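Structural overview
Chain residues, written in single-letter form:
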Amino acid sequence: MNKISDFSKSFRDSHLVRGLVDEIKRITTQNWVMMEICGGQTHAIMQYGLDQLLPEQIELVHGPGCPVCVTPLDQIDRGHAIASLPEVIFCSFGDMLRVPGSEVDLFTLRARGAQIRVVYSPLDAVKIAQENPDKQIVFFAIGFETTVPANAASVLQAKALGLKNYSILVSQVTVPPAMHAILSSPQNRVQAFLAAGHVCAIMGYWEYHPIADQYKIPIVVTGFEPLDLLQGILLSIRQLEKNEHFVENAYTRAVTESGNQVAQKTIQQVFEPCDRNWRGIGRIPQSGLGLRKEYAFYDAEKRFQVGHIQTREHEVCIAGEILQGLKKPFDCPAFGKQCNPTKPLGAPMVSSEGACNAYFRFSKSTIS
Amino acid sequence: MCLGIPGKIVEIEDSIGMKMAKIDFGGVIRSACIEAIPDAKIGDYTIIHAGFALNVFNEEEAMDTLNLLQEIADLDQELNIDEQNI
Ligand code: SF4
């Protein structure tokens, strides 16, 4: 018997869901606003209709943890320019294909003849590089701490194989600086964080203690199944109601305090912190992970000089405010009208982790 | 995209520079890199994201969590019954 599929099922058990929801209702005495950081969690919440099971006093706002959404426009435009070069095979996660740049998206470029391939893993891109020695293979290395080790492994493997035709276009970001940015904003409404379980599977949660202390905010490491999310919410409310604020782990089957240190070492070997622009949010100091000098050879930005990039965002899109938890998708005048998954104006409508996409797909569904 | 999918390690293989394994995702077998979980054994459950193992799943912790949640659900039912009786 496959125990894990049982686990996943167990963490969707409707009897336990009801029990947790009742307990949350029993202990909630006032209004609280909490943010789930990861867009995968936003989707699970909407998919199972968890937001509708919770008492009205609890408001969930959706965080910036959608790597596709926060990849800055200039980097997307640069990707498009590189993908258009005749010697290049441009490899990307599928989510990136429909993300609008200033002019086009990768999907359109592919229809016009550019060689663009969807890969499931950066290691697949390395394989393509091996098989196509006369081509330049560029992988669009986006992602949070969850994805960065895989991106790093691809560089290390290309090096081990002696491949000269592999490079990555880097747009990686890390969570703690974004939490600082959200909490230090004068408009901030977030009173508790559900920390992103799979980021913490890699990084642990030791980095979060000073944040919980500094901003007096509960931070609960949370998984992705309905029971995981409800447990994260319950633990946050318990802290809020008691005026406590510390870091708790509601995803112990996957996360430890120190995280996966082998993966952390792999990250540090290849990448180092740098300043990064977040689409819609702006520059967050030391929030990126760029290639170290020793690996500059694999930097697509250096390998391909594509000239000056002039960006242009769609004027009605309020993705930036949504990603900071200041607004919800329904607040956008274009939501579901000019902007929908087949004709997206902004990245959050495209990505399987984008809040606008989650609202569009699931806003009427419930768990029962 | 940070979604990780749980799967079971069914075969460990050494390929060029990277430790790879065959992972069983409920009947679908795919290759993934297990470089970051050097102590993993055949039969372990792992979380795979972008073809890369993030961590080994701790089955004991999973059971403990479920038991804890069961207690909360049961306790809550009792409390509700008590409140209704008052
Ligand atoms: S609905 Fe579309 S236009 Fe509006 S914020 Fe979301 S992505 Fe942008």
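Quick look at the structure, then. (Residues numbered from 1 in each chain as written. Chains lettered and ligands numbered in written order. Predicted model: local features only at pLDDT ≥ 70, side-chain atom pairs only at ≥ 80, totals over all residues. Heavy atoms only, no water.)

1. Quick notes on the pattern of salt bridges
Taken as a whole and assessed by the stated rule, the structure comprises 12 salt bridges over all chains. Put simply, A:Arg12 and A:Glu225 hold a salt bridge, and the shortest N to O gap is 2.6 Å. Here the residue A:Arg12 occupies a position in the loop between α1 (3–10) and α2 (14–27), and A:Glu225 occupies one in the loop between β8 (219–222) and α13 (226–241), the gap between them amounting to 213 residues. Residue A:Glu225 is classed as buried on the basis of its relative accessible area, which comes to 12%. Note that B:Glu13 is salt-bridged to B:Lys22, the shortest N-O span being 3.0 Å. It is possible to trace a salt-bridge network through shared partners that takes in A:Glu59, A:Arg189 and A:Lys328. (Salt bridge = Lys/Arg side-chain N within 4 Å of Asp/Glu carboxyl O. Helix = DSSP H or I, 4+ residues; strand = E, 2+ residues; numbered from the N terminus. Buried < 20%, exposed > 50% of the residue type's maximum accessible area, 1.4 Å probe, protein only.)

2. A few points about the interface of chain A and chain B
Contact with chain A, which involves 49 residues of that partner, is made by 43 residues of chain B. Taking both partners together, chain A and chain B bury about 4,100 Å²; carbon and sulfur atoms supply 68% of that area. Viewed at the interface, chain B and chain A are joined by 0 salt bridges. Taken together, chain A and chain B are joined by 10 residue pairs in polar contact (both at pLDDT 80 or more). Secondary-structure elements contributing two or more residues to the side of chain A that touches chain B are α1, α2, α8 (122–131), β5 (136–143), α9 (148–160), α11 (197–203), α13 and α14 (261–270) of chain A. Here the element with the most residues in the side of chain A that touches chain B is α2(A); it accounts for 7 residues. (Contact = heavy atoms within 4.5 Å. Buried area = accessible area lost by both parts, 1.4 Å probe. Polar contact = N/O pair within 3.5 Å; in protein donor to acceptor, adjacent residues only side chain to side chain.)

3. Considering the site of the ligand
Lining the immediate environment of the ligand, one finds A:Cys317, A:Ile318, A:Ala319, A:Ile322, A:Cys332, A:Phe335, A:Cys339, A:Leu345, A:Gly346, A:Pro348, A:Met349 and A:Cys356. The residue makeup of the shell around the ligand, split by class, is 11 nonpolar, 1 polar and no charged. (Near = heavy atom within 4 Å. Nonpolar A, V, L, I, M, F, W, Y, C, P; charged D, E, K, R; others polar.)

4. So, the packing of aromatic side chains
All names here are of chain A. Tallied over the full model, the rule gives 8 aromatic pairs over all chains. Their ring planes at 90° and their centres at 5.1 Å tell us that Phe297 and Tyr298 sit as a pair that is edge-to-face. You can call Phe297 partly exposed: its relative accessible area is 44%. Here Tyr298 falls in the buried class, since its relative accessible area comes to 7%. Residues Phe330 and Phe335 carry aromatic rings whose centres are separated by 5.3 Å and whose planes lie at 85° to one another, so their mutual orientation is edge-to-face. According to the relative accessible area criterion, Phe330 is exposed, its value standing at 52%. The exposure class assigned to Phe335 is buried, which follows from its relative accessible area of 16%. Taken together, Phe330, Phe335, Tyr359 and Phe360 form an aromatic cluster joined through their ring pairs. Positioned above the aromatic ring of Phe107 is the side chain of Arg98, whose terminal nitrogen or guanidinium carbon lies 4.3 Å from the ring centre. (Phe/Tyr/Trp six-rings, centres within 6.5 Å; stacked < 30°, edge-to-face > 60°. Lys NZ or Arg CZ within 6 Å of the ring centre and 35° of its normal.)

Honestly, that's just the spatial picture; any functional story needs more than this.
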